[in-house]
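Examining the three-dimensional arrangement
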Amino acid sequence: MDELHHECGIAAIYHLESSTTSPLAPAAGQEHVSRLMPRMLLDLQNRGQLAAGFTTYHPHRDQIIDTYKQVGTVIEAFRLNHQAKYSSIMNEYFGRAAIGHVRYATCGADDRSYAQPFERHHGCRWKWFSFAFNGQLANFNELRSQLMQLSDYHLARNTDTEIIMHYLSYELRGDEQPDLVDVFRSLSEKFDGAYNIVFLNAKGDMVVLRDPMGIRPLCFAQDGPLFAAASESVPLLNLGFKNIRSLEPGEMIIIQKGRLRRERFAPRRRTAHCFFEWIYFANVASTLDDRSVYLSRAALGQELAIQERQLGKVPLDPDTVVVPVPDTGKAAADAMAYELGVRSVEGLMRNRYIGRTFIEGANRADRARLKYTPLAEVLQNKRVLLIEDTIVRSTTLKSLLRELRERGGAAEVHVRIACPPIIAPCFYGIDMSTVKELFAPRFMKGKVPTEDELDAMARELGADSLYYLPVEAVARCIGLEANRLCQACVTGEYPTPTGERLYQLALRNRHRADNGRTYEHPATTEPSPTA
C-alpha cells in the first residue's frame, strides 16, 4: 500500500536434449523453450516493473548465449501487444535454455544498462556467461572495496549486481574450467545477505541456486526433459508443472553435459525466510517453502478477528463493514469479516489500467486518488474496519483515509494492520533502508506500541483507531517457527552480522539533516539495493 517494493524476480527454463519433447514445451519444439520465458516473467511481474529481460542459449548460433532486456513491464519490454515485434524477438533469441529477470530497484538509473540479466562476453565458452539475481548483498560496500584493491579493477555501476559479476569472473579465471559447486561455495563464504542466482554460460551449463539462509524463495519443477525454476510457484504452475518444490537454502541445481543434479554448495544453517513474502510480496496463489500464501493471509485475518473481539472498541453490527485495501489485504479482510460475522465489502476499487510511469510520476499523496476510488454506495455513514497489510511510510495511507471520509462518506475509519509495526530497515532486498523514513519509529520508544503511542499514530493518520498484529502472530499464521523466519524489520534482530551492524548505523543516522539513505553515506558499510 505504501508502494513498498521488492528487489526483483528470477526465472530459468531448460529443455534437456532428448528424443522426446515435453508436452509443456511450446509448439515450436524443444529448441524454442525460450518462448516460455515471457510467460514466466509475466507471472513474476508483482516482483518488479521497471525492466525485464532474458538470456537464451543455443549451441548453433553465432551468439551462443544472447541477452535481450528493456526498461518497462514485461508487456512493454517484450512488445507483447505488438505481435510482429514480439515474434521477431522470439525468433532472434530462440533457444533450448533461458534465464530471465524482472527488476525493481531503489537506486541506479532506470535505463537498460541496469536491467538484468548481466552478460559477460569472453572468447572462452565457460568464461562467457550471463546471470541474474534476486536479493541484496548486505556487505556490498565491503565487497566493492575489496574489488577495487585488485589491480586495474573498474566498476561502471554502483550496484551489487555488478559486484556479483566481477566476483564470478574472478572465480572463473585460470586455464581450466573450475567446478561450479566450488565456484559458488567460494562466493557464499564472501557474500552476506540475500542472493538467489540463475546462471547460464556458453557451454550450456546452467546453475540455479538459493542463498544459504533462504531469505528469498525459489521454486523449481521438472517434467521429463523440461526443467524450470522461478522466484515463486505460480509461473511453474501456469506452465503446467505438477510437482513444484522449493529449493533448500544453500542448495543449487546444475545442468551440465545434458544431466541435471542437485548439490549443496553451503553448509546447513539456520534459515531466515523473509516473512514479508507471505504477507505482502508473493502472488496470493503461490506456495513457498510448502506454505500457502493465501492461507497465511487468511490466518492473519483470523488473528485480526480474535484481536478485534478482545479490543471491543467497534460495535459489530450492520453499520460496521470490513474493507480491504486492494489487493494484498483482501484475503485477510475476508477471513476477518467471516470470523466477526460482519460484511466484507469492496469499498475501494483499484484502477488497474493506470500506467506504471503515470503512477510513479505522482507524489505519494496523490497516488491514493490515482489508484483507488472509494464507493460511497457501500461506505456512506458506515463504520469502516480498513484492513491493510502493512504501514511503512504512511503518506499514501493518510491520503487514502481522507478519501474514504470525503469521497466515500465513511462515518468512522478504524485501521487494522495484518502485520506488526515496521520499526527497522531491510538490508536484504526491500526498499526501506533508513529508520527515519519509517512511520512507526517516530512514535514508538520500544518495540511494542503502547495505547498512547497507537492513539498518536491514529491521530497522525486521521483514523479513529489503529491496531497492529503482534509479532508472535506472524510465525503462527505462516506455520513456521519464528527462528526460521527473518523478522528483522519488526523486531530489529538481524540474521546476519552485516545486517546487525547496518541497523546500528541506521539508528545513529536517523537524525541526520539530509534525506540520503543509510548506504549513501560514505562512512557506512551499507549496501546499494539495486538487485
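Residues numbered from 1 in each chain as written. Predicted model: local features only at pLDDT ≥ 70, side-chain atom pairs only at ≥ 80, totals over all residues. Heavy atoms only, no water.

**Looking at the pairing of strand 7 (residues 193–201)**
Burial runs high along strand 7: nine of the nine residues are buried. Bridge count for strand 6 (residues 129–137) against strand 7 is nine bridges, and the pairing is antiparallel. Residue Asn134 lies in a different strand from strand 7, and its bridge partner there is Asn196. In this structure, strand 7 lies alongside strand 8 (residues 206–209), joined through four bridges in antiparallel fashion. Note on strand 8: the bridge partner recorded for Leu200 is Met206. The turn joining strand 7 and strand 8, which pair antiparallel and follow one another in sequence, is formed by four residues; a positive phi near 85 degrees is taken by Gly204. (Buried < 20%, exposed > 50% of the residue type's maximum accessible area, 1.4 Å probe, protein only. Helix = DSSP H or I, 4+ residues; strand = E, 2+ residues; numbered from the N terminus. Pairing = 2+ DSSP bridges.)

**Details of the sheet that holds strand 11 (residues 245–246)**
Pairing is antiparallel across the open sheet formed by seven strands, whose spatial order is 3-2-4-1-10-9-11. Of all the strands in the sheet, just strand 3 (65–71) and strand 11 have a single pairing partner and so form its edges. Two strands pair when backbone bridges link them, and strand 9 (residues 219–223) and strand 10 (residues 226–230) are joined in this way by five bridges, in the antiparallel orientation. Bridge pairing in strand 10 links Phe220 to Ala229.

**Description of the packing of helix 9 (residues 293–311) against helix 10 (residues 330–340)**
Helix-helix packing: each pair is described by the crossing angle between the helix axes and the interaxial distance. Viewed as axis vectors pointing N to C, helix 9 and helix 10 meet at an angle of 45 degrees, and their least axial separation amounts to 7 Å. Here helix 9 lies oblique to helix 10, going by the angle between them. The handedness of the crossing between helix 9 and helix 10 is right-handed. In this structure, helix 9 contributes Tyr294, Arg297, Ala298, Gly301, Gln302, Leu304, Ala305, Glu308 and Arg309 to the contact, and helix 10 contributes Ala331, Ala332, Ala335, Met336, Glu339 and Leu340. Looking at the contact of helix 9 with helix 10 residue by residue, the class counts come to nine nonpolar, two polar and four charged. (Axes fitted to C-alpha atoms, helices over the stretch in contact; angles between N-to-C directions. Parallel < 35°, antiparallel > 145°, perpendicular 65-115°, else oblique. Left-handed = near helix turned anticlockwise from the far one by under 90°. Contact = heavy atoms within 4.5 Å. Nonpolar A, V, L, I, M, F, W, Y, C, P; charged D, E, K, R; others polar.)

**A word on the packing of helix 4 (residues 140–148) against helix 5 (residues 160–171)**
Two elements in contact, helix 4 and helix 5, have axes whose closest approach is 10 Å; the angle formed by their N-to-C orientations is 45 degrees. It follows that helix 4 is oblique to helix 5 by the angle criterion. Crossing handedness for the pair helix 4 and helix 5: left-handed. For the pair helix 4 and helix 5, contact is made by Phe140, Leu143, Arg144, Gln146 and Leu147 and by Asp160, Ile163, His166 and Tyr167, respectively.

**A few points about the sheet that holds strand 21 (residues 383–388)**
Strand order in the open sheet formed by five strands is 18-17-21-22-23, and the pairing between neighbours is parallel. Lying at the two open borders of the sheet, with one neighbouring strand each, are strand 18 (343–344) and strand 23 (465–468). Bridge analysis of strand 17 (residues 320–324) against strand 21 gives five bridges, and the strand direction is parallel. Looking at strand 21, one finds that Val323 is bridged to Leu386.

**Focus on the confidence of the model for the protein chain**
Mean pLDDT over the protein chain works out to 91, with 91% of the residues at or above the 70 mark. Overall, residues 516–531 carries pLDDT values under 50, and its contacts beyond four positions in sequence, including any with other chains, amount to 73 contacts. (pLDDT = per-residue confidence, 0-100.)

**Description of helix 3 (residues 83–92)**
Every buried residue belonging to helix 3 is among Tyr86, Ile89 and Met90, and all of these are buried. Down the axis of helix 3, the smallest arc covering the buried residues is 95 degrees, so these residues share one side. Against helix 1 (37–42), strand 2 (51–57), strand 3 and helix 2 (74–77) lie the buried residues of helix 3. (Arc of directions from axis to C-beta.)

**Overview of the pattern of salt bridges**
Across all of its chains, the model carries 24 salt bridges by this definition. Among the salt bridges present, the one from Glu277 reaches Arg47, with a minimum N-O distance of 2.8 Å. Here Glu277 is found in helix 8 (residues 276–281), whereas its partner Arg47 is found in the loop between helix 1 and strand 2, with 230 residues between them in sequence. Accessibility assignment for this pair places Glu277 and Arg47 in one class, buried. A salt bridge links Lys330 to Asp334; its shortest N-O distance comes to 3.1 Å. Here Lys330 and its partner Asp334 are both found in helix 10, four residues apart, which amounts to about one turn of the helix. Among the charged side chains, a network of salt bridges with common partners joins Arg47, Arg216, Glu232 and Glu277. (Salt bridge = Lys/Arg side-chain N within 4 Å of Asp/Glu carboxyl O.)

**Considering the pairing of strand 22 (residues 412–417)**
The buried fraction of strand 22 is high, at five of six residues. As defined by bridge partners, strand 21 adjoins strand 22 across six bridges and the pair is classed as parallel. When the sheet's bridge partners are listed, Leu386 is paired in strand 22 with Val415. Where the polypeptide runs from strand 21 across helix 14 (residues 395–406) and back to strand 22, its parallel neighbour, the crossover connection is right-handed. One ladder, built from four bridges, connects strand 22 with strand 23; its direction is parallel. Residue pairing in the sheet places Val415 in a bridge with Leu466 of strand 23. Taken together, strand 22, helix 15 (residues 451–461) and strand 23 form a β-α-β motif whose crossover is right-handed. (Right-handed = clockwise from strand over helix to strand, strands pointing away.)

**Considerations on helix 9**
Taking 1.5 Å of rise per residue, 19 residues should cover 27 Å, and helix 9 covers 27 Å from first to last C-alpha, within 8% of that figure. For helix 9, the set of buried residues is Val293, Ser296, Arg297, Ala298, Ala299, Leu300, Gly301, Glu303, Leu304, Ala305, Gln307 and Glu308. The distance from a side-chain oxygen at the start of helix 9 to the backbone nitrogen of Tyr294 is 3.3 Å, and the residue carrying that oxygen is Ser292. (Expected span 1.5 Å × (residues − 1). Polar contact = N/O pair within 3.5 Å; in protein donor to acceptor, adjacent residues only side chain to side chain.)

**As for unusual backbone geometry**
With an omega of 5 degrees, the peptide bond running from Gln116 to Pro117 counts as cis. By secondary structure assignment, the location of Pro117 is in the loop between strand 4 (97–103) and strand 5 (118–120). The peptide bond linking Pro326 to Asp327 adopts the cis configuration, its omega dihedral lying at 5 degrees. Secondary-structure assignment places Asp327 in the loop between strand 17 and helix 10. Phi angles above zero are rare outside glycine, and Lys257 is one such case at about 50 degrees. Within the fold, Lys257 resides in the loop between strand 12 (251–256) and strand 13 (259–264). Note on Lys257: relative accessible area 83%, which makes it exposed.

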